[in-house]
Amino acid sequence: MNDILPIVLSILAALVVIGGLIPVLLKTRRNITRYPGTRDANDPEIRSGGSTAVADRDGTIERKAPEGVDLEGLDTTVPDTAAGLETIPVETPLPVAGRLTRLRERLVRSNNIMGKGLLALLSSDRIDESVWDEVEETLLLADLGTEPTMQLVDALRERVKVLGTRTPEHVKAMLREELIKLVDPTMDRSLNVQRHADKPAVMMVVGVNGVGKTTTVGKLARVLVAEDKDVLLGAADTFRAAAAEQLATWGQRVGVPTVKSDIDGADPASVAYEAVKAGIEQEVDVVMIDTAGRLQNKVGLMDELGKVKRVVEKLAEVDEVLLVLDATTGQNGLNQARVFSEVVNITGIVLTKLDGTAKGGIVVAIQKTLGVPVKLIGLGEGADDLAPFDTEGFVDALLN
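In this text the structure is predicted, and so the values were computed from the model without any measurement. (Residues numbered from 1 in each chain as written. Predicted model: local features only at pLDDT ≥ 70, side-chain atom pairs only at ≥ 80, totals over all residues. Heavy atoms only, no water.)

Student: Where do I start with the overall build of the chain in this structure?
Tutor: Within the chain, the secondary structure is distributed over 13 helices and eleven strands. Here the chain holds 400 residues, and 50% of them are scored as buried. Considering only residue pairs separated by 6 or more positions, the chain has 77% of its internal contacts joining residues 24 or more positions apart. On the chain, roughly 18900 Å² of surface is accessible, and the fraction owed to carbon and sulfur atoms is 53%. (Helix = DSSP H or I, 4+ residues; strand = E, 2+ residues; numbered from the N terminus. Buried < 20%, exposed > 50% of the residue type's maximum accessible area, 1.4 Å probe, protein only. Contact = heavy atoms within 4.5 Å. Areas by Shrake-Rupley, 256 points an atom, 1.4 Å probe, with all protein chains shown as cover.)

Given below as structure tokens:
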């Protein structure tokens, strides 16, 4: 009996230890939720509750974050019916070619004072200094900017002097040539969205409050899906209420997953980091990161935007930084553009609301100020009302 007692006590002690470990093991378990839609057979899984990771054969995962980045509270899943949410039907975006035609038609119908005003002035029977003053005033009112205005007026003066005759057809052809030169067709307006050998292309979208960044990210996702790109969205606008859900809804409409946080005011750099990490593991083509709107004169917020970019670059190079500008803000948009370009090295401009009271000259003014091309324009509220900027198409729309 005395020989059995130590054995029994040892067994009881082992059971006590195992019982204490069970709650810990249960606490660290993570549920697995897959992306909606068909994925490649070798794609890893997305884990809810905080991390994106590749599961080892024994089911263990390792999460690492760069110093200063808090990954707590992240949700890298896309809401689905299992979560009790309404299913959104997957749509087929319109092809890009068809968009350009539609957008040109809308621009022709818009409040275009620049092209029509110039044509009327330059077709006058007699062009004297007062007419040239009106031409200059028309260009300045169209937000063209002082330097581009003087450049265009000088070129037009010389052409009119040499031309002699000024029939409407000749004036229109002359004006078209000079405007195309000013808008600069030599600028590279292509989006840097080609996947690298082992990593996706990474795009950040920035801008002030109210210009339509989140909507632009959603619309651009549709453009990329229409071009057969595999896209993942990162909802790093963690300050505006419902911004993450808005972006996730845009993604669901075209079958694109979204990485987001369930915590209000979460660290945006952590969301961006996890989005890129998920993009690498899921072997997607493009990761698009939506950032919080911020005033260009708030130093702390601008510094935070720089931090998001630095954290992302610990995993992958940021290939494209698009600045979204409201075309109706005119010269104020130029001030925004200057400050943002100092913080995150803008590579392209997206001009929204170009079909209303906006003036076409803002395209030239921004490009001259930053040396950065306008790559996309928005001319409406529709889901497919965003298209690549086309120099000749834009000028033709101004003059019709």
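Student: It is not clear to me how the packing of helix H6 (residues 168-183) against helix H13 (residues 391-398) should be interpreted in this structure. Could you clarify?
Tutor: A pair of packed helices is characterised by two quantities: the angle between their axes and the separation of those axes. Running from N to C, H6 and H13 point in directions that differ by 135°, and their axes come no closer than 10 Å. Between H6 and H13, the angle is such that the two are oblique. Crossing angle aside, the handedness with which H6 passes H13 is right-handed. Of H13, the residues touching H6 (which contributes Arg-176, Leu-179, Ile-180 and Val-183) are Thr-391, Glu-392, Val-395 and Asp-396. Split by residue class, the contact of H6 with H13 holds four nonpolar, one polar and three charged. (Axes fitted to C-alpha atoms, helices over the stretch in contact; angles between N-to-C directions. Parallel < 35°, antiparallel > 145°, perpendicular 65-115°, else oblique. Left-handed = near helix turned anticlockwise from the far one by under 90°. Nonpolar A, V, L, I, M, F, W, Y, C, P; charged D, E, K, R; others polar.)

Student: Before we go on, may I ask you to explain the nonpolar core in this structure?
Tutor: For soluble globular proteins, the rule of thumb is that nonpolar side chains tend to be buried together. With 98 residues, the main nonpolar core has Met-288, Ile-349 and Leu-351 as its most contacted residues. Beyond its immediate chain neighbours, meaning those up to four positions away, Ile-349 contacts Leu-323, Leu-325, Ile-366, Leu-370, Val-372, Pro-373, Val-374, Lys-375 and Leu-376. (Core = buried A, V, L, I, M, F, W, Y, C linked by side-chain atoms within 4.5 Å.)

Student: Looking at this structure, I do not really get the side chain of Ser-261. What am I missing?
Tutor: Note on placement: Ser-261 falls in strand E6 (residues 258-261). A distance of 3.1 Å separates the side chain of Ser-261 from the backbone nitrogen of Ile-263, its partner in a polar contact. (Polar contact = N/O pair within 3.5 Å; in protein donor to acceptor, adjacent residues only side chain to side chain.)

Student: Would you explain the pattern of salt bridges in this entry?
Tutor: Two side chains of opposite charge can pair, provided their charged atoms sit close to one another. For the structure shown, the criterion picks out twelve salt bridges. Notably, a salt bridge pairs Glu-245 with Lys-260, separated by 3.3 Å at the nearest N-O pair. Taken together, the positions of Glu-245 in helix H8 (residues 243-253) and Lys-260 in strand E6 put the pair 15 residues apart, joining distant regions of the chain. Here Lys-307 makes a salt bridge to Asp-267, at a shortest N to O gap of 3.7 Å. Here Lys-307 is found in helix H10 (residues 299-312), whereas its partner Asp-267 is found in the loop between E6 and helix H9 (268-282), with 40 residues between them in sequence. Exposure remark for Lys-307: the relative accessible area of 27% places this residue in the partly exposed category. Classification of Asp-267 by relative accessible area gives buried; the value is 18%. Linked by salt bridges that have partners in common, Arg-159, Glu-177, Glu-178 and Lys-181 make up one network. (Salt bridge = Lys/Arg side-chain N within 4 Å of Asp/Glu carboxyl O.)

Student: What is the right way to read the side chain of Asp-237 from this model?
Tutor: Within the secondary structure layout, Asp-237 lies in the loop between strand E5 (231-236) and H8. From its side chain, Asp-237 meets the backbone nitrogen of Phe-239 in a polar contact 3.5 Å long. When residues no more than four places from it in sequence are discounted, the contact partners of Asp-237 are Thr-214, Ala-243, Ala-244, Asp-290, Thr-291, Ala-292 and Gly-293.

Student: Which parts of the structure should I look at to understand the confidence of the model for the chain?
Tutor: Regions with low pLDDT should not have their predicted coordinates read in detail. Mean pLDDT over the chain: 74, with 68% of residues reaching 70 or higher. When the criterion is pLDDT under 50, residues 23-64 qualifies, and its contacts beyond four places in sequence or with other chains add up to 73 contacts. Contacts from residues 76-85, a stretch scored under 50 in pLDDT, to residues over four places away or in other chains number 26 contacts. (pLDDT = per-residue confidence, 0-100.)

Student: Sorry if this is basic, but what is going on with the pairing of strand E7 (residues 286-291) here?
Tutor: Each regular strand displays side chains that alternate between the two surfaces of the sheet. Counted residue by residue, E7 has six buried out of six residues, so it is predominantly covered. Burial along E7 is two-sided: Val-286, Met-288 and Asp-290 facing one way and Val-287, Ile-289 and Thr-291 facing the other are all buried. Bridging between strand E4 (residues 201-206) and E7 involves five bridges; their strand directions are parallel. Counterpart to Val-205 in the pairing with E7 is Asp-290. (Pairing = 2+ DSSP bridges.)

Student: Explain the pairing of strand E9 (residues 348-352) here, please?
Tutor: Most of E9 sits out of view: five of its five residues are buried. Sheet topology note: the strand E8 (residues 320-326)/E9 ladder contains five bridges and is parallel. Of the residues in E9, the one forming a bridge with Leu-323 is Ile-349. By the bridge criterion, three bridges tie E9 to strand E10 (residues 374-378) in an arrangement that is parallel. Pairing of Leu-351 across the sheet is with Ile-377, part of E10.

Student: What's the story with the packing of aromatic side chains in this structure? I'm lost.
Tutor: Between two aromatic rings, the relevant description is the distance of the centres plus the angle of the planes. For the structure shown, the criterion picks out one aromatic pair. Here the guanidinium or amino end of Arg-253 rests over the ring plane of Trp-250, the centre of that ring lying 5.0 Å away. (Phe/Tyr/Trp six-rings, centres within 6.5 Å; stacked < 30°, edge-to-face > 60°. Lys NZ or Arg CZ within 6 Å of the ring centre and 35° of its normal.)

Student: Can you walk me through unusual backbone geometry in this structure?
Tutor: Glycine aside, residues mostly have negative phi angles, and peptide bonds mostly take the trans form. With a phi close to 60°, Glu-283 is a non-glycine residue in the positive phi region. Take Glu-283: it is sitting in the loop between H9 and E7. Unusually for a residue other than glycine, Asn-345 sits at a positive phi of about 55°. Relative to the helices and strands, Asn-345 resides in the loop between helix H11 (331-344) and E9.

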